[in-house]
Amino acid sequence: MDRFRMIFQYFQSNSESVMNGICGLLTLAGIKMYTSIDFSCPCLPQYNMAYGLGIMFVPPIALFLCGLILNRQSLVMLEEWSRPQGRRKKDLAVIRYLCSSIMQRAMVAPAAWIIVTLLDGKCLICAFSSSMDPEKFVDFASASPVQVQQLLAKVPCKDEELMRNNTSRKAVSRYLRCWSQALGWSILLILIIAAFLARWLRPCFNQAALLQARHWSNYIDIEQKIFEETCCEHSRLFAHKCILHFFESMRQEIKLHSCSLSREGEG
Amino acid sequence: MDRFRMIFQYFQSNSESVMNGICGLLTLAGIKMYTSIDFSCPCLPQYNMAYGLGIMFVPPIALFLCGLILNRQSLVMLEEWSRPQGRRKKDLAVIRYLCSSIMQRAMVAPAAWIIVTLLDGKCLICAFSSSMDPEKFVDFASASPVQVQQLLAKVPCKDEELMRNNTSRKAVSRYLRCWSQALGWSILLILIIAAFLARWLRPCFNQAALLQARHWSNYIDIEQKIFEETCCEHSRLFAHKCILHFFESMRQEIKLHSCSLSREGEG
Amino acid sequence: MDRFRMIFQYFQSNSESVMNGICGLLTLAGIKMYTSIDFSCPCLPQYNMAYGLGIMFVPPIALFLCGLILNRQSLVMLEEWSRPQGRRKKDLAVIRYLCSSIMQRAMVAPAAWIIVTLLDGKCLICAFSSSMDPEKFVDFASASPVQVQQLLAKVPCKDEELMRNNTSRKAVSRYLRCWSQALGWSILLILIIAAFLARWLRPCFNQAALLQARHWSNYIDIEQKIFEETCCEHSRLFAHKCILHFFESMRQEIKLHSCSLSREGEG
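Here we summarise the structure given alongside this text. It should be emphasised that the depicted structure is a prediction, and the values quoted were computed from it without experimental measurement. (Residues numbered from 1 in each chain as written. Chains lettered and ligands numbered in written order. Predicted model: local features only at pLDDT ≥ 70, side-chain atom pairs only at ≥ 80, totals over all residues. Heavy atoms only, no water.)

Some words on the overall build of chain A
Helix and strand counts for chain A stand at nine helices and zero strands. Scored against the burial criterion, the 267 residues of chain A give a buried share of 34%. Across chain A, contacts joining residues at least 24 apart in sequence account for 76% of those joining residues at least 6 apart. Here chain A has roughly 16,700 Å² of accessible surface; of this, 66% comes from carbon and sulfur atoms. (Helix = DSSP H or I, 4+ residues; strand = E, 2+ residues; numbered from the N terminus. Buried < 20%, exposed > 50% of the residue type's maximum accessible area, 1.4 Å probe, protein only. Contact = heavy atoms within 4.5 Å. Areas by Shrake-Rupley, 256 points an atom, 1.4 Å probe, with all protein chains shown as cover.)

Observations concerning the pattern of salt bridges
Taken as a whole and judged by the stated rule, the model has 10 salt bridges over all chains. Of the charged contacts in the structure, one is a salt bridge between B:K122 and B:D120, with a shortest N-O distance of 3.9 Å. When its relative accessible area of 41% is taken as the criterion, B:K122 is described as partly exposed. C:E233 is the salt-bridge partner of C:R236, the closest N and O atoms lying 3.3 Å from each other. Taken together, the residues C:R236 and C:E233, both in helix α9 (residues 207-266) and three residues apart, mark about one turn of the helix. Residue C:R236 is classed as exposed on the basis of its relative accessible area of 52%. Classification of C:E233 by relative accessible area gives partly exposed; the value is 41%. (Salt bridge = Lys/Arg side-chain N within 4 Å of Asp/Glu carboxyl O.)

Regarding the interface of chain A and chain B
Listed as interface residues are 50 residues of chain A and, on the opposing side, 40 residues of chain B. Summed over both partners, the interface of chain A with chain B buries about 4,500 Å², with 72% contributed by carbon and sulfur atoms. At the boundary of chain A and chain B, one finds zero salt bridges. At the boundary of chain A and chain B, one finds five residue pairs in polar contact (both at pLDDT 80 or more). Mapped onto the side of chain A that touches chain B, the elements with two or more residues apiece are α1 (2-13), α3 (45-70), α4 (72-82) and α9 (207-266) of chain A. For the side of chain A that touches chain B, the element with the most residues is α9(A), which contributes 14 residues. (Buried area = accessible area lost by both parts, 1.4 Å probe. Polar contact = N/O pair within 3.5 Å; in protein donor to acceptor, adjacent residues only side chain to side chain.)

Remarks on the interface of chain B and chain C
By a widespread convention, an interface's size corresponds to the accessible area lost as its parts come together. Facing 50 residues of chain B, the contacting portion of chain C comprises 39 residues. Carbon and sulfur atoms supply 73% of the area that chain B and chain C bury against each other, a total of about 4,500 Å² over both sides. The interface formed by chain B and chain C contains zero salt bridges. There are five residue pairs in polar contact (both at pLDDT 80 or more) connecting chain B and chain C. Elements represented by at least two residues in the side of chain B that touches chain C include exactly α1 (2-13), α3 (45-70), α4 (72-82) and α9 (207-266) of chain B. For the side of chain B that touches chain C, the class distribution of residues is 34 nonpolar, six polar and 10 charged. (Nonpolar A, V, L, I, M, F, W, Y, C, P; charged D, E, K, R; others polar.)

Looking at the relation of the copies chain B and chain C
Under the fitted operation, chain B is carried onto chain C by 3.1 Å of movement along the axis and a turn of 45°, and the coordinates agree to an RMSD of 0.6 Å. Little of the interface of chain B is mirrored in chain C: 2% of its interface residues are interface residues there too. (Least-squares fit on C-alpha atoms with pLDDT ≥ 70 in both.)

What to know about α3(B)
With 26 residues, α3(B) should cover 38 Å at 1.5 Å per step; its first-to-last C-alpha distance of 39 Å lies within 8% of that length. Along α3(B), the largest kink reaches about 35° and is centred on B:G54. (Expected span 1.5 Å × (residues − 1). Bend = angle between axes of the 7 residues up to and from the residue.)

Points about the environment of B:A93
Mapped onto the elements of the fold, B:A93 is located in helix α5 (residues 92-120). Along the backbone, B:A93 and B:Q150 are 57 residues apart, and their C-alpha atoms lie at a distance of 57 Å.

Some points on the environment of A:M33
Inspection of the secondary structure puts A:M33 in helix α2 (residues 15-36). Once the C-alpha coordinates of A:M33 and A:C232 are considered, the two residues, 199 residues apart in sequence, prove to be 38 Å apart. When sequence neighbours within four positions are dropped, the list of residues in contact with A:M33 reads A:W113, B:L119, B:W185 and B:L188.

Some words on the relation of the copies chain A and chain B
Here chain A sits on chain B after a turn of 47° about the axis and a move of 2.6 Å along it, with an RMSD of 0.3 Å. Taken together, the interface assignments show that only 2% of the residues at the interface of chain A recur at the interface of chain B, consistent with different surfaces on the two copies.

Observations regarding unusual backbone geometry
With phi around 60°, B:C43 is a residue other than glycine that occupies positive phi space. You can see B:C43 is positioned in the loop between α2 (15-36) and α3.

Written out as structure tokens, the structure is:
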């Protein structure tokens, strides 16, 4: 019994660890989705840019909003923000702490998506192959401008008959993938350095205030959970009382009925 | 025993979490079904549209109705709605709260199905390949209109001899898949933004009324469950009493029988 | 011990949930069986139809009868129907309620089998490929009628040398699978709509009568179970008494025997 109570208490007291878990699952789900969806560039000059950038930036927005929706702390924060001021005064530091922790967790999955697409490179090749400078690559320089535009738009499609075994296609593709991966690694490095500084430098400044804010945010969370549980407990007790009352009165009716039956039998 | 009681109480008090679980399972089952059923477009001009749109829209209707059927809250709501007015007055807010929560949960699986089919793109390619404008794609422009219609209808079938290694087939397929995925991501984004607004803006308005409605819906659910349990308990006690009575009278008969036997033996 | 008693009580009081579990297991077993059995069409004109329709309709009959056999409620219903009329009058509504609930549960597994075969499509292709109109498909139109019949019968066999890489074979197969899946989804949709109407409209009419019938069917079930248990208990006690009596008398005989032996020894 204690084992289950311990697990329950763990999930009750440690909203943060549950949130970390949800944040991790969301990140994995995003990456899994990217790898399982068949990404096929339309290879038409007017659609390429929109499709490539759409695949790169629309899902991160969806993932970011998902992260905000799934985070239980966001509800805690909103209720703390909109509650009437009672005896416990509202502390802006607590709300700020909650807000920053929600944002940090919601940013993980979108950042992972963008970095994965950049490291993979297909999206960037699809988006920017039309806007390359054709003079940099030998084969294209001879063709007419309209033809060049169409050829460049077909760079992301490997199976295209015109482009199969075309050296320039491979050169453009290599060039763009190189830029895409460079961009991806740079963003990853910058994010990790930022996380590192936030974690190592913050304790040197206002550690006490931070710990206090964290403690209070934790307190608000636990208060809400215990309130909900006590509500359930209360309504269960109330329902139990009502139903017992109903059955008591039914039993009395049955007794009266059987008494009258036995009297009839006597009579 | 306490362990089991705790688990039972968890499932008793938290109908909502059970419903969330059922809703998630239904969604996963739908996606699993889509991936395991062999989707094969008939590639006949007069059937393509019906088949593609049928696969896209008939299963969501089935999933939506399944979500309504499996949701225990729907029964709770119907009984609350049709119960005679006793001492507890009927609260429309509670019924509205229950109804909206049922609808929300029933919409998840169909929405997931439609988005998955759109992101996959096969259904849309099958449905709309015949209604493409053939002049956009080079190879088809030379053929006669009837032939073009037949060729366009065979776009979704990769193995078709006429179409294998046909560049235009791939172009039409890419173009339609691009539109399909764009549509899928747009719908996903719109749904997530709607969910986000519903979750973040609602607490700013009538949070207290919402919490009250939720509390009462919870109470009704618990009351029904305890009533059913008490009925079972009651009928078990009653049956126990009846059977004990039967055995008592049987024992007396046996005693009488053995007495008469022993008298016969004495006699 | 209390733990086990609770579990036993759960299974005792909730016969319905056990039946739901059995019904679900039977459905899963049916689907698992269909996927694990190697379905291979004979591809002979005179056997195809019988084989395809046999696989589609014989197992559902077996599953339906299995559902009736495994359902404990069917025994309860039969005994309620054939018991002598004592003080508790026989209620036709109870028997009707039991009968309908048994039928509903027994129908789930066969319906699932038929829908799975239709969505898979192999059975229907095997059954009806010979009766297709050959004029609809280009390749067959040139051959003689007997040859066409043989070719059509070989449509379900992919590996057949004549048919490998034959475009018309694939066209016939696609056409029939499209019809099969359309039929499967339609049946599924109709069943789900029927279940939905039964569940949502019934509470609006005679909910009280239904609840009463359900309560009494539950009572009869519990009464039978407690009767069986009490019988067991009773016969154990009786056997215990008999055996003790036997050992008592044996001990007395041994005493007498040893007395007589000692007397013989004394004598």
